[in-house]
Amino acid sequence: MITWLQGTIVENKRWTPELFTISIKTEPLAFKAGQFILVGVKNGDDVLYRPYSLVNPPDGSLLQVHFNTVKDGTLSPLLTDLSPGDSIQVSNRPTGLLTLEEVPDVSNLWLFATGTGVGPFISILMTAEPWQRFKKVVLCYAVKTLDDMAYIKELNKIKSKYEEQFCFIPFITRENVAGTINSRLTTYLESGELEKKAQLILSAKSSHTMLCGNADMINEVTQLLEQKGLRRHSRSKPGQIAMEKYY
Ligand SMILES: Cc1cc2nc3c(=O)[nH]c(=O)nc-3n(C[C@H](O)[C@H](O)[C@H](O)COP(=O)(O)OP(=O)(O)OC[C@H]3O[C@@H](n4cnc5c(N)ncnc54)[C@H](O)[C@@H]3O)c2cc1C
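Residues numbered from 1 in each chain as written. Predicted model: local features only at pLDDT ≥ 70, side-chain atom pairs only at ≥ 80, totals over all residues. Heavy atoms only, no water.

### Some details on the site of the ligand
- Near the ligand you find 19 residues, and of these P51, Y52, T74, L75 and S76 are the closest.
- Note that a nitrogen atom of the ligand is positioned 3.0 Å from one of the side-chain N or O atoms of N68.
- Between T74 and the ligand, the recorded distance is 2.8 Å, taken from a side-chain N or O atom to an oxygen atom.
- A total of 900 Å² of accessible area belongs to the ligand in isolation, and the protein chains cover 74% of it.
- Where the shell around the ligand is concerned, the elements lending two or more residues are β4 (46-53), β5 (63-68), α1 (76-80) and β11 (241-245).
- Looking at the shell around the ligand, its residues break down into nine nonpolar, seven polar and three charged.
- Split by domain, the residues of the shell around the ligand number at least three in each of domain 1 (4-91) and domain 2 (100-245). (Near = heavy atom within 4 Å. Polar contact = N/O pair within 3.5 Å; in protein donor to acceptor, adjacent residues only side chain to side chain. Areas by Shrake-Rupley, 256 points an atom, 1.4 Å probe, with all protein chains shown as cover. Helix = DSSP H or I, 4+ residues; strand = E, 2+ residues; numbered from the N terminus. Nonpolar A, V, L, I, M, F, W, Y, C, P; charged D, E, K, R; others polar. Domains from an automatic or database assignment.)

### Re the sheet that holds strand β9 (residues 166-172)
- Strand order across the open sheet formed by five strands is β9-β8-β7-β10-β11, with parallel pairing between neighbours. Both outer strands of the open sheet, β9 and β11, are each paired with one neighbouring strand and no more. Neighbour-to-neighbour, the strand axes of the sheet open up by a mean angle of 10°, direction not taken into account.
- Where strand β10 (residues 207-213) lies against β11, five bridges are found, and the strand directions are parallel. (Pairing = 2+ DSSP bridges. Axes fitted to C-alpha atoms, helices over the stretch in contact; angles between N-to-C directions.)

What follows is the structure in structure tokens.
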């Protein structure tokens, strides 16, 4: 049974007409960067709910969820309409294995995100741990348009703090934008351009990868990584590919 915490919307930030981040005030909730919670809206005696990753770092004062409005979706259009002061339900048990606790000691961490899948990585990158543990952290973040590239300010801030360690590679597929790559992430990975850009070899020996976002990207990237000798990671069978599919 789900135990719900009562939350209040503090902000509903609109990045584009279909891309939002809600900030939620609740009683303190302990979680690990990269985990997700269930978020719900009351519907009579029921609660309509879905899983959402937390974007804020664990020491943040508000819970933050980054989402897009799915046309004809059940919950996301309701989240889109929330305003400051509105009520929201949050499960009291954050969960998920897309956390650094699950990552063995390796030299380099590669993060692959599409769209709102960047959320758990923002949370992880805002903690001290990746910078204490890995020589290099590479974030490949793919969106369709420049406006869809949420959290760019935060990522640039992290870049200026960890200039040498952090390699941020933004992909914008439907627009040509200076400083970004106008190609599919998978094409870039397959051709070897990604490793050239990162100036780093992506190998099973030196790397762990985390993938988050839509299933197409995750399936294609997984296939390409498997061709390089990386294997899916689970607690019982350690490998180098961890993932969270949103849909
Ligand atoms: C572990 C986990 C964490 C998640 N974290 C996030 C998150 O941080 N942010 C986020 O936006 N979503 C996240 N999702 C997806 C989210 O839970 C919902 O599925 C999504 O918001 C759609 O819900 P809905 O009720 O509006 O649509 P539904 O009525 O559930 O679904 C309608 C249709 O939309 C498709 N769909 C679902 N998500 C998307 C999407 N993002 N874009 C296009 N089509 C979609 C579904 O496959 C389905 O066919 C996560 C999913 C999982 C499993």
